[in-house]
Amino acid sequence: MAYETIITERRGKVGLITLNRPQALNALNSQILAELVAAVNGFGADAGIGAMVITGSEKAFAAGADIKEMQAISYVDAYLQDFFVGWEEFTRARKPIIAAVAGYALGGGCELAMMCDFIIAADTAKFGQPEITLGVIPGMGGSQRLTRFVGKSKAMDMCLTGRMMDAAEAERSGLVSRVVPAGELVEEALKAAARIADFSLPSVMMAKEAVNRAFETTLAEGLRFERRLFHSLFALEDQKEGMAAFAEKRKPNFSNR
Ligand code: CAA
């Protein structure tokens, strides 16, 4: 499929997606959503891909949902279309996705980064939920996901004042997993993704599923869910190979089965 608002590349076993609407600081309109979902589903179905990286430009990961596209929408149309529901499909991706964020990740941009499995930030990254300055509130999950990432006080601060958080504060608050120099951002994210893609794909996917379940259920149910997944991994050749390789002091050769 030919894309106009994103660039997709294969880097070994990693699918790299670059948001590419520079004239609008990668503002997320309906076209970019459709292309992003198609690309993620494409890499998801590709047996040669084990993980993905989503990045933007040096100036902006994404400066939010497209304000000019949303501006004139009526309440009834927003309701009837269930505006933004399309992003739910993005979150159904089963292979790991790393957000590599440089520059602005605002509104929907911050929300998209949080829909990924973890965020690696450049030291230039700036996160924010400035919707309040537009007379609205976050609509792609910001009030819910940001609160789970950074806790109530900081989430309230961000959503009520619309201020931005720099990379150091984002790392301190648990929003991002690590901060790297801007010039090394994409390579670092690709390196992390390549490491993931070298592991056994079923165990990687189950690890993702298990961590995500922590946000949806009680501790007792989550622990039970984790244990059942753990048991099921003993049905794989990869478990035998991984443990044999440890015992034999060699590198495992996973077959993804
Ligand atoms: N939607 C549409 N266009 C946008 C945009 C957005 N979210 N963000 C930036 N752009 C456009 C600008 O309109 C401008 O286009 P023109 O050249 O045609 O005027 C171009 O991108 C460059 O932007 P600026 O000239 O504003 O660049 P800057 O360096 O002066 O400022 C910025 C950068 C601080 C990020 C500023 O662009 C800005 O504040 N953007 C909007 C941020 C925002 O409010 N995001 C939340 C959107 S609502 C949302 O996301 C809802 C939700 O929950 C999903």
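Residues numbered from 1 in each chain as written. Predicted model: local features only at pLDDT ≥ 70, side-chain atom pairs only at ≥ 80, totals over all residues. Heavy atoms only, no water.

### Considerations on the side chain of Lys95
Position of Lys95 among the secondary structure elements: in the loop between α4 (87-90) and β5 (97-101). We note that Lys95 is buried and unpaired, the nearest opposite charge coming from Asp46 at a distance of 6.0 Å. A polar side-chain atom of Lys95 sits 2.9 Å from the main-chain carbonyl oxygen of Ile49. (Helix = DSSP H or I, 4+ residues; strand = E, 2+ residues; numbered from the N terminus. Buried < 20%, exposed > 50% of the residue type's maximum accessible area, 1.4 Å probe, protein only. Lys, Arg positive; Asp, Glu negative; His and termini not counted. Salt bridge = Lys/Arg side-chain N within 4 Å of Asp/Glu carboxyl O. Polar contact = N/O pair within 3.5 Å; in protein donor to acceptor, adjacent residues only side chain to side chain.)

### Some points on the sheet that holds β5
The strand order across the open sheet formed by six strands is β1-β2-β3-β5-β7-β10, and the pairing between neighbours is mixed. Pairing within the sheet leaves two strands with one partner each, and these edge strands are β1 (6-11) and β10 (178-180). Pairs of neighbouring strands in the sheet enclose a mean axial angle of 20°, with direction left out of account. (Pairing = 2+ DSSP bridges. Axes fitted to C-alpha atoms, helices over the stretch in contact; angles between N-to-C directions.)

### Points about the domain arrangement of the protein chain
Each assigned domain of the protein chain is listed with its residue range as follows: domain 1 (6-197) and domain 2 (200-248). The C-alpha centroid of domain 2 is placed 27 Å from the C-alpha centroid of domain 1. Each partner contributes to the interface: domain 1 provides nine residues, whereas domain 2 provides six residues. Buried area between domain 1 and domain 2, summed over both chains or domains, comes out near 700 Å², and the portion from carbon and sulfur atoms is 60%. Its largest share of buried area at the contact with domain 2, domain 1 owes to Arg94, Asp117 and Arg148, together 55% of the area lost on that side. Taken together, the links from domain 1 to domain 2 amount to one salt bridge. Lys208 is the salt-bridge partner of Asp117, the closest N and O atoms lying 2.8 Å from each other. (Domains from an automatic or database assignment. Contact = heavy atoms within 4.5 Å. Buried area = accessible area lost by both parts, 1.4 Å probe.)

### Considering helix α9 (residues 185-197)
With 13 residues, α9 ought to run about 18 Å at 1.5 Å a step, and its terminal C-alpha atoms sit 18 Å apart, in line with that. Listed as buried for α9 are Leu185, Glu188, Ala189, Leu190, Ala192, Ala193, Ile196 and Ala197. (Expected span 1.5 Å × (residues − 1).)

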